[in-house]
Amino acid sequence: KIIVMYDGWIVQTGTPQQLFEFPNHKFVGYFIGSPGMNFFSCSLEGNNAVVGDAKIPIKPETAEQGKKVKGHLELGIRPLYLKVHEKEVKDSFKVQIKSVEDQGSYHIMTMEFQGHTLKARISENDAIPESEAWISFPLEWIRLFANEHLVK
């Protein structure tokens, strides 16, 4: 087990996989993994997290839990789980590509999305779009945070 402390407080204990997949605190999401988790301020509208003009579908139970908490909401997703497409697909959003870093067995793509910078980790075998792409957020990997803590 790993213990993660932030500002003198224990924010999470668990296995590396638990910390990676279900970070209890925003710090854990950013600190564990490379690059760290993407975070966007959002609001909720039905079963969607609203980021700028984008309405990102989330699990109904996540939306219900989010509506019960007060404070600053943020959507989080790991770069590994963000899907990048060369063409528009269902529930995808257009992004502008800022840079692509070759990391050997994968690439890190930095993009502009609704006024936010986000990163995606792309397999070396996947196509790399040149200036624009479409991204989608797999429901099972979206995390919702309120006041820096995982909503659960």
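All of the points below concern the structure found in this document. (Residues numbered from 1 in each chain as written. Predicted model: local features only at pLDDT ≥ 70, side-chain atom pairs only at ≥ 80, totals over all residues. Heavy atoms only, no water.)

**Brief notes about the pairing of strand S9 (residues 93-102)**
Part 1 of the reasoning: Note: S9 against strand S12 (residues 132-136), 4 bridges, orientation antiparallel. Residue pairing across strands places valine 95 opposite alanine 133, the latter belonging to S12.
Part 2 of the reasoning: As consecutive antiparallel partners, S9 and strand S10 (residues 106-113) are separated by 3 residues, and within that stretch glycine 104 has a phi angle of approximately 95 degrees, a positive value. (Pairing = 2+ DSSP bridges. Helix = DSSP H or I, 4+ residues; strand = E, 2+ residues; numbered from the N terminus.)

**Side note on the pattern of salt bridges**
Part 1 of the reasoning: Applying the stated rule across the entire model yields 6 salt bridges.
Part 2 of the reasoning: Lysine 26 serves as the salt-bridge partner of glutamate 74, at 2.7 Å between the closest nitrogen and oxygen. Placement of the pair is glutamate 74 in strand S7 (residues 73-77) and lysine 26 in helix H2 (residues 26-31), with a sequence separation of 48 residues.
Part 3 of the reasoning: Of the residues examined, lysine 26 reaches a relative accessible area of 22% and is grouped as partly exposed.
Part 4 of the reasoning: Glutamate 112 is paired through a salt bridge with lysine 98; the nearest N and O atoms lie 3.6 Å apart. One end of the pair, glutamate 112, is in strand S10; the other, lysine 98, is in strand S9, and 14 residues separate them in sequence. (Salt bridge = Lys/Arg side-chain N within 4 Å of Asp/Glu carboxyl O. Buried < 20%, exposed > 50% of the residue type's maximum accessible area, 1.4 Å probe, protein only.)

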